[in-house]
Amino acid sequence: TQLDHIRNFSIVAHIDHGKSTLADRLIQMTGTVAERDMKAQLLDSMDIERERGITIKANSVRIEYPAKDGRTYILNLIDTPGHVDFAYEVSRSMRAVEGSLLVVDASQGVEAQTLANVYQALDAGHEIVPVLNKIDLPAADPDRVKANIEDVIGLDASDAVMISAKSGLGIPDVLEAIVTRLPAPQGERDAPLRAMLVDSWYDSYLGVVVMIRVMDGVIRKGDRIRMMQTNAIYPIDRLAVLKPKMTDIAELGPGEIGVFTASIKQVRDTRVGDTITHERKGCEAPLPGFKPAQPVVFCGLFPVDAADFEDLRDAIEKLALNDASFSYEMETSAALGFGFRCGFLGLLHLEVIRERLEREFDLDLITTAPSVVFKLHMKDGEVRDLHNPADMPDLTYVDHIEEPRIKATIMVPDEYLGDILKLCQDRRGIQLNLTYAGPRAMVEYDLPLAEVVFDFYDRLKSVTKGYASFDYSISEYREDHLVKMSILVNDEPVDALSIMVHRDRAEARGRVMVEKLKELIPRHMFKIPIQAAIGARVIARETLSAMRKDVTAKCYGGDASRKRKLLDKQKEGKKKMRQFGKVEIPQTAFIQALKMD
Ligand code: GTP
């Protein structure tokens, strides 16, 4: 294919502004997929993605479009993940294309994720076509939203394409805009092969599938290729394009996007952002800017029933094959037994993995409090990463502790601004900037990641009734007065509940935690002290009084089947409990106890 007949693009949007619906329409209107095969949100392949309506893995589709100028163009859409946890994947896939459609809900306006993603698109040198979606809604206000795009992003929106992805209105204009307003790719057909590894995934029939964007040169079936980061060599078994079904193709030249299989064993052997070249006569320099994705949030995963440990291990190994950004190692906890310490790109990533483990592998899990990676500067000069508060060494060996800080951008309607400022202040935030775009405020905060990983996002949504949007990037590690707080139940430390906390906030946190635990732990036949402590010093204490719990008492002994049902119910509840010394703690307590509201 000639370069000037190709257009490569991605769609940038805030969650729910209609990215998937628009992608579906583009595929449908160009007849890429027969009508009977069309199902909504075609590009979100995993069940969980469809249910949650989020796109996790970058997917791509190749569309053929006969344009008004009489020529047929090849349009390659790369579907980028919208959420901040996958920012690195977004930035790589952006570099694989030349342009973006910026989709903004015409009844809403620019949101924090729109901003974060559009900046990445601008960084990647994209040409950007603004698209106002949902103009069918009565609340749509295209003029306001155009002004909003110009104010907040500084992008000319006078030529924005107006559409309703839902009804199909304006979709032909989008296709024309892609062809006329986005640039064609560039590249040298005769140069040595240089292709970017954009994404890879595991397919149960095909094994590992690798998606690439060819920059220079030509790749063909049977070629022996080298991955420049890992130096691994593979022969290409199969070369194809996604329509979105895999369709074999003889070769891919400059500007083209496609996939290959090459008997690669695990997704871990492929690195997003890596450069692919030929084994012989390869290119000299790799594409710039490769960096492996780093987990930033860690938590422990334990089976509720210790007998399920091997099943959990199998499941984790299987998932890890397909997700190179998820890390794990075995962990033993005095309280929870054998499990795994797992690293994630962020909270959403954690949620997705946990849900997949529970759903696809039918496991009951205890998730310990998410923690960030602290840097311990030891007195002997060594710097250690602390992934788990339970591993905190004796303070006499520690000189100081650093924690990761983030730069957060929050966009919120004016009337909720006060609540947002208070929330950020409560989480040790430092305000950096405050600007207005019409009735919406945009605040930037410097915040400790540790204060955000847990329930910040939930709180943000609840105090603003869902009207705020939020995005962040890690800025730096900085020293602060951090201490480890332990929780003792019936005088036994429960290691899975220990957290790192700022010294000035330890008492308040400790108080909330012991009060919550008092509510969450059912009464036993003996009195149970619940304490929070820093080292040997107890900073908060509650006592759970003794009681005999007989759930069948109110059945008056009469109805046997009803009685049995209640006992079954109690047994079911038991399954979700975990024994600590003589005390049973419900599985949910580990997360609930840490909430700060
Ligand atoms: P994520 O995949 O979650 O990032 O969201 P998305 O941006 O892909 O949004 P999606 O396409 O899933 O659309 C979100 C919601 O908006 C869905 O309920 C759509 O049916 C609805 N929607 C999309 N386009 C339109 C439109 O043009 N008009 C109206 N009224 N609703 C739309």
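Residues numbered from 1 in each chain as written. Predicted model: local features only at pLDDT ≥ 70, side-chain atom pairs only at ≥ 80, totals over all residues. Heavy atoms only, no water.

**Focus on the overall build of the chain**
So, step 1. What the chain contains, in helices and strands, is 14 helices and 34 strands.
So, step 2. A total of 597 residues make up the chain; the buried ones form 55% of that total.
So, step 3. Working note: accessible area of the chain is about 26500 Å², and carbon and sulfur atoms make up 48% of it. (Helix = DSSP H or I, 4+ residues; strand = E, 2+ residues; numbered from the N terminus. Buried < 20%, exposed > 50% of the residue type's maximum accessible area, 1.4 Å probe, protein only. Areas by Shrake-Rupley, 256 points an atom, 1.4 Å probe, with all protein chains shown as cover.)

**Details of the UniProt feature "binding site: GTP" (unreviewed entry) in the chain**
So, step 1. If you check UniProt for "binding site: GTP" (unreviewed entry), the listed places come out as D16, H17, G18, K19, S20, T21, N133, K134, I135 and D136 in our numbering.
So, step 2. Secondary-structure assignment places T21 in helix 1 (residues 19–29).
So, step 3. T21 has contacts with A165 and K166, leaving out every residue within four places of it along the chain.
So, step 4. Within the secondary structure, I135 is located in the loop between strand 5 (127–133) and helix 5 (142–153).
So, step 5. When its relative accessible area of 24% is taken as the criterion, I135 is described as partly exposed.
So, step 6. Not counting residues within four places of it along the chain, the set of residues in contact with I135 comprises A106, A140, P142, M162, I163, S164 and L169. (UniProt positions renumbered as here; feature names shortened; annotations may be inferred. Contact = heavy atoms within 4.5 Å.)

**A closer look at the packing of helix 7 (residues 309–321) against helix 8 (residues 347–360)**
For any two helices packed against each other, the geometry comes down to the angle between their axes and how far apart the axes lie.
So, step 1. In the contact formed by helix 7 and helix 8, the axes pass within 10 Å of each other and the chain directions differ by 130 degrees. Relative to helix 8, helix 7 is oriented oblique. For the element pair helix 7 and helix 8, the recorded crossing hand is right-handed. From helix 7, L312, A315, I316 and L319 reach across to helix 8, where they touch I353, R356 and L357.
So, step 2. Grouping the amino acids of the contact of helix 7 with helix 8 by side-chain chemistry returns six nonpolar, no polar and one charged. (Axes fitted to C-alpha atoms, helices over the stretch in contact; angles between N-to-C directions. Parallel < 35°, antiparallel > 145°, perpendicular 65-115°, else oblique. Left-handed = near helix turned anticlockwise from the far one by under 90°. Nonpolar A, V, L, I, M, F, W, Y, C, P; charged D, E, K, R; others polar.)

**Comments concerning the nonpolar core**
So, step 1. Within the largest apolar cluster, 50 residues are counted, with the highest numbers of intra-cluster contacts made by L357, I410 and F456.
So, step 2. Setting aside residues no more than four positions away along its own chain, F456 makes contact with I410, L423, C424, R427, L447, E451 and F470.
So, step 3. Ranked by size, the runner-up nonpolar core spans 32 residues in total, among them M513, A532, F580 and A589. (Core = buried A, V, L, I, M, F, W, Y, C linked by side-chain atoms within 4.5 Å.)

**Comments concerning the sheet that holds strand 15 (residues 257–261)**
So, step 1. Taken in spatial order, the eight strands line up as 11-10-16-7-8-15-12-13 in an open sheet, and their pairing is antiparallel. Where the open sheet ends on each side, the last strands, each with one partner, are strand 11 (233–235) and strand 13 (246–248). Put simply, the sheet's adjacent strands are angled 40 degrees from each other on average, direction ignored.
So, step 2. In the sheet, strand 12 (residues 238–242) pairs with strand 13 via three bridges, with the strands oriented antiparallel. Looking across to strand 13, one finds that A240 is bridged to D248. (Pairing = 2+ DSSP bridges.)

**Notes on the side chain of S10**
So, step 1. On the secondary structure map, S10 appears in strand 1 (residues 6–13).
So, step 2. Side-chain polar atoms of S10 contact the side chain of S100, separated by 3.2 Å.
So, step 3. Leaving out residues up to four positions away in the same chain, S10 has contacts with L77, I78, T80, M94, V97, G99, S100, L101 and H126. (Polar contact = N/O pair within 3.5 Å; in protein donor to acceptor, adjacent residues only side chain to side chain.)

**Structural notes on helix 5**
So, step 1. With 12 residues, helix 5 extends 16 Å between its outermost C-alpha atoms, agreeing within 8% with the 16 Å of an ideal straight helix rising 1.5 Å per residue.
So, step 2. Those residues of helix 5 lying buried are V145, K146, N148, I149, V152 and I153. Considered in projection along helix 5, the buried side chains sweep an arc of 160 degrees and stay on one side of the axis. The exposed set on the far side of helix 5, more than 90 degrees from its buried face, consists of D143 and D151.
So, step 3. G154 sits one or two residues past helix 5 and shows a positive phi near 75 degrees. (Expected span 1.5 Å × (residues − 1). Arc of directions from axis to C-beta.)

**A look at unusual backbone geometry**
So, step 1. Of note in the backbone geometry, D16 takes a positive phi value of approximately 75 degrees without being a glycine.
So, step 2. Given a relative accessible area of 62%, D16 falls into the exposed group.
So, step 3. With phi around 65 degrees, K134 is a residue other than glycine that occupies positive phi space.
So, step 4. Counting through the fold element by element, K134 comes out in the loop between strand 5 and helix 5.
So, step 5. A relative accessible area of 23% places K134 in the partly exposed class.

**Details of the packing of aromatic side chains**
So, step 1. Overall, the coordinates contain six aromatic pairs when judged by the stated rule.
So, step 2. Aromatic pair F456 and F470: ring centres 5.2 Å apart, planes at 55 degrees, arrangement tilted. Of the two residues, F456 is situated in helix 11 (residues 456–463) and F470 in strand 27 (residues 469–480); the sequence distance between them amounts to 14 residues. Summarising the burial analysis for this pair, F456 and F470 share the class buried.
So, step 3. An aromatic cluster is present here, built from F309, F326, Y328, F338, F340 and F344 joined pairwise through their rings.
So, step 4. Across from the ring centre of F526, 4.8 Å away, lies the NZ or CZ of K582, which sits over that ring. (Phe/Tyr/Trp six-rings, centres within 6.5 Å; stacked < 30°, edge-to-face > 60°. Lys NZ or Arg CZ within 6 Å of the ring centre and 35° of its normal.)

**Describing the confidence of the model for the chain**
So, step 1. Looking at the chain as a whole, its pLDDT mean stands at 85, while 86% of the residues score no less than 70.
So, step 2. Contacts of residues 48–58 to residues separated by more than four positions or lying in other chains number 46 contacts, the stretch itself having pLDDT below 50.
So, step 3. Model confidence for the complex: the whole-complex pTM is 0.70, and ipTM, which rates the interface, is 0.97. (pLDDT = per-residue confidence, 0-100.)

**Focus on a negative patch on the surface**
So, step 1. Where like charges cluster on the molecular surface, the negative patch consists of E150, D151, D156 and D159.
So, step 2. E150 sits in the partly exposed class, given a relative accessible area of 34%. (Patch = residues over 30% accessible without salt bridge, like charges linked within 9 Å, V, L, I, M, F, W, Y side chains within 5 Å. Salt bridge = Lys/Arg side-chain N within 4 Å of Asp/Glu carboxyl O. Lys, Arg positive; Asp, Glu negative; His and termini not counted. Charge placed at Lys NZ, Arg CZ, Asp CG, Glu CD.)

**Here's the deal with the pairing of strand 24 (residues 398–413)**
So, step 1. Judged by how many residues are buried, strand 24 sits mostly within the fold: 14 of 16 residues are covered.
So, step 2. With four bridges connecting them, strand 22 (residues 374–378) and strand 24 associate as antiparallel partners. Looking at strand 24, one finds that K375 is bridged to E402.
So, step 3. Bridge count for strand 24 against strand 27 is 11 bridges, and the pairing is antiparallel. Its bridge partner being in strand 27, P404 is matched across the sheet by Y477.
So, step 4. In this sheet, strand 26 (residues 440–448) lies alongside strand 24 in antiparallel orientation, the contact comprising nine bridges. Each residue of the ladder has a partner; that of A408, found in strand 26, is Y445.

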